[in-house]
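# A look at the structure
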Amino acid sequence: MGALGRLYAARLALSGTQVSPLHPRHQDDCNYRLTDAHGEHNLRLRWGWPLLPPQALLVTVKAYQVVTALTPWAPQIRNLRLPLILLHNGMGTLAPCQALLGEQVPILLASSTHGALRDEQGHVRHTGLGATTIGHGAGPSLSPLFQQALCDLLERALPPLFWTDHIEQALWLKLAINAVINPLTALHQCPNGALAEGRFADQRQHLIAELAGFFSHAGIALDEARLTATIDATIAATAGNLSSMNRDLAAGRRTEIDAITGHLLAEARQHGLVLEQHQRLYDAIKHAEQQ
Ligand code: KPL
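Residues numbered from 1 in each chain as written. Predicted model: local features only at pLDDT ≥ 70, side-chain atom pairs only at ≥ 80, totals over all residues. Heavy atoms only, no water.

## Comments concerning empty space enclosed by the protein
In the structure shown here, the tally under the stated rule is three cavities of 30 Å³ or more. In this model, the largest cavity occupies a volume close to 50 Å³. Among the elements of the structure, β4 (84-87) and β8 (132-138) are those that each provide at least two residues to the lining of the largest cavity. Broken down by class, the residue content of the lining of the largest cavity amounts to eight nonpolar, one polar and no charged. (1 Å grid on protein atoms, 1.4 Å probe; cavity = no way out; pocket = protein on both sides within 12 Å on 5 of 7 lines; lining within 4 Å. Points joined across faces, edges and corners; volume = space filled by probe spheres on them. Helix = DSSP H or I, 4+ residues; strand = E, 2+ residues; numbered from the N terminus. Nonpolar A, V, L, I, M, F, W, Y, C, P; charged D, E, K, R; others polar.)

Laid out in structure tokens, this is it:
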């Protein structure tokens, strides 16, 4: 489980929710050490499918791991029609999830701007206070009461949390943030805050202009001013953070470039657009992954 998944798991458990991680790599992964604004917390969670039926499944693995991670649990999820919350960088996992689980499982999509870092020992630090946005993705809608209870529980654990009826737009906004910050900080091996420096100003603005051009073509209500303000604010709020792609590349792991920039380029192509700057970053990350 990555840094953000461990942050949510620990905060949920600390706020009184029973949490059962499903994917520890080994037993030690169930020992959680979290440092956040409230101090340092040590806790141990019992892994595996819980004895009492779970109420929801928060899926925090990377986009390219979602289907593989869910496959062993697919029969239980289908039987219980267990609501899933997909929380990862990038987009494009909804259709494969529906193909695996059918149409009767409620799938929620979520996006987070929290910053979290995990060190070699599994110690997680909450490095940037952000927000979680959640909304309906596919399958049956939740009852208003259940939806409220789920949001309250998540909000209690890691505030603030916002429900939106326009989750697609929120996901595109997060994808835009990641498409600018992640490849640049990975290629330059710098913290997010370095992107505020003048040497990145032109490149940042070109990337944002291409995003705004695509959104305007695709009828997504995110203009250049809003993108610039949001991306600048994220750079400032997570200045000390090393982005997830920065860490993945440094550790020789596969990055999320396909679900982020790859998805953007594919969608733009559908509209007859070529996003040159983003294509260049995509190619550079793909090349770096092979080194
Ligand atoms: O989502 C992130 C990531 O690193 O993947 C940001 C918001 C850029 C924080 O680092």
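## Observations regarding the packing of aromatic side chains
Enumeration over the complete set of coordinates arrives at four aromatic pairs. Taking 5.7 Å as the distance between ring centres and 70° as the angle between the ring planes, the aromatic pair formed by tryptophan 172 and phenylalanine 215 counts as edge-to-face. In this pair, tryptophan 172 is assigned in helix α6 (residues 167-187) and phenylalanine 215 in helix α7 (residues 201-218), connecting sequence segments 43 residues apart. Both residues of the pair, tryptophan 172 and phenylalanine 215, belong to the buried class. Centroid distance phenylalanine 214 to phenylalanine 215: 5.5 Å. Interplanar angle 45°. Geometry classified as tilted. Taken as a pair, phenylalanine 214 and phenylalanine 215 share a single burial class, namely buried. Here a set of aromatic residues connected by ring pairs shows up, and it is made of Trp172, Phe214 and Phe215. A cation over a ring is seen here: arginine 6 above tyrosine 32, with NZ or CZ 4.2 Å from the ring centre. (Phe/Tyr/Trp six-rings, centres within 6.5 Å; stacked < 30°, edge-to-face > 60°. Buried < 20%, exposed > 50% of the residue type's maximum accessible area, 1.4 Å probe, protein only. Lys NZ or Arg CZ within 6 Å of the ring centre and 35° of its normal.)

## What about the domain arrangement of the protein chain?
Domain parsing of the protein chain yields domain 1 (3-164) and domain 2 (169-289). Every contact between the two is made by 18 residues of domain 1 and, on the other side, 21 residues of domain 2. Taken together, both faces of the contact between domain 1 and domain 2 bury some 1,600 Å²; the carbon and sulfur share is 61%. When the buried surface of domain 1 facing domain 2 is broken down by residue, Tyr64, Asn89 and Met91 rank first, second and third, together holding 41% of it. Inspection of the domain 1/domain 2 interface yields two salt bridges. (Domains from an automatic or database assignment. Contact = heavy atoms within 4.5 Å. Buried area = accessible area lost by both parts, 1.4 Å probe. Salt bridge = Lys/Arg side-chain N within 4 Å of Asp/Glu carboxyl O.)

## Here's the deal with the environment of alanine 179
Here alanine 179 shows up in helix α6. Assessed through its relative accessible area of 0%, alanine 179 is described here as buried. Considered as a pair, alanine 179 and leucine 211 are 32 residues apart in the sequence and their alpha carbons are 9.0 Å apart. Excluding anything up to four places from it in sequence, alanine 179 contacts Ile260, Thr261, Leu264, His278 and Leu281.

## A look at the nonpolar core
Core analysis: the largest hydrophobic core is formed by 61 residues, its most contacted members being Leu70, Ile77, Trp172, Phe214, Phe215 and Leu227. Considering every element that reaches this core, the biggest residue donor is α6, with 13 residues. Taken domain by domain, the makeup of this core includes at least three residues from each of domain 1 (3-164) and domain 2 (169-289). With residues up to four places along the chain from it excluded, the contact list for leucine 70 reads Leu57, Val59, Ile77, Leu84, Cys97, Leu100 and Leu101. (Core = buried A, V, L, I, M, F, W, Y, C linked by side-chain atoms within 4.5 Å.)

## Describing the environment of leucine 175
Of note, leucine 175 is situated in helix α6. In this view, leucine 175 contacts Gly90, Met91, Ala259, Ile260, His263 and Leu264; residues no more than four positions away in its chain are not counted.

## Overview of the side chain of glutamate 256
Of note, glutamate 256 is situated in the loop between α9 (244-250) and α10 (258-270). Within the structure, the side chain of glutamate 256 is placed 3.3 Å from the side chain of asparagine 89, a separation counted as a polar contact. Beyond its immediate chain neighbours, meaning those up to four positions away, glutamate 256 contacts Lys62, Ala63, Tyr64, Asn89, Ser244 and Met245. (Polar contact = N/O pair within 3.5 Å; in protein donor to acceptor, adjacent residues only side chain to side chain.)

## Some words on the side chain of asparagine 246
Looking at where asparagine 246 falls in the secondary structure, it is placed in helix α9. If we skip the residues at most four places from it in the chain, asparagine 246 touches Thr185, Ala186, Gln189 and Cys190.

## Some remarks on the pattern of salt bridges
Summed over the entire model, instances satisfying the criterion amount to nine salt bridges. The residue glutamate 40 makes a salt bridge to arginine 33 at a minimum N-O spacing of 2.9 Å. As a salt-bridge pair, arginine 253 and aspartate 248 come within 2.9 Å of each other at their nearest N and O atoms. Since its relative accessible area comes to 44%, arginine 253 is described here as partly exposed. Given the relative accessible area of 2%, aspartate 248 is considered buried. Linked through salt bridges whose partners overlap, the residues forming this network are Lys62, Asp248, Arg253 and Glu256.

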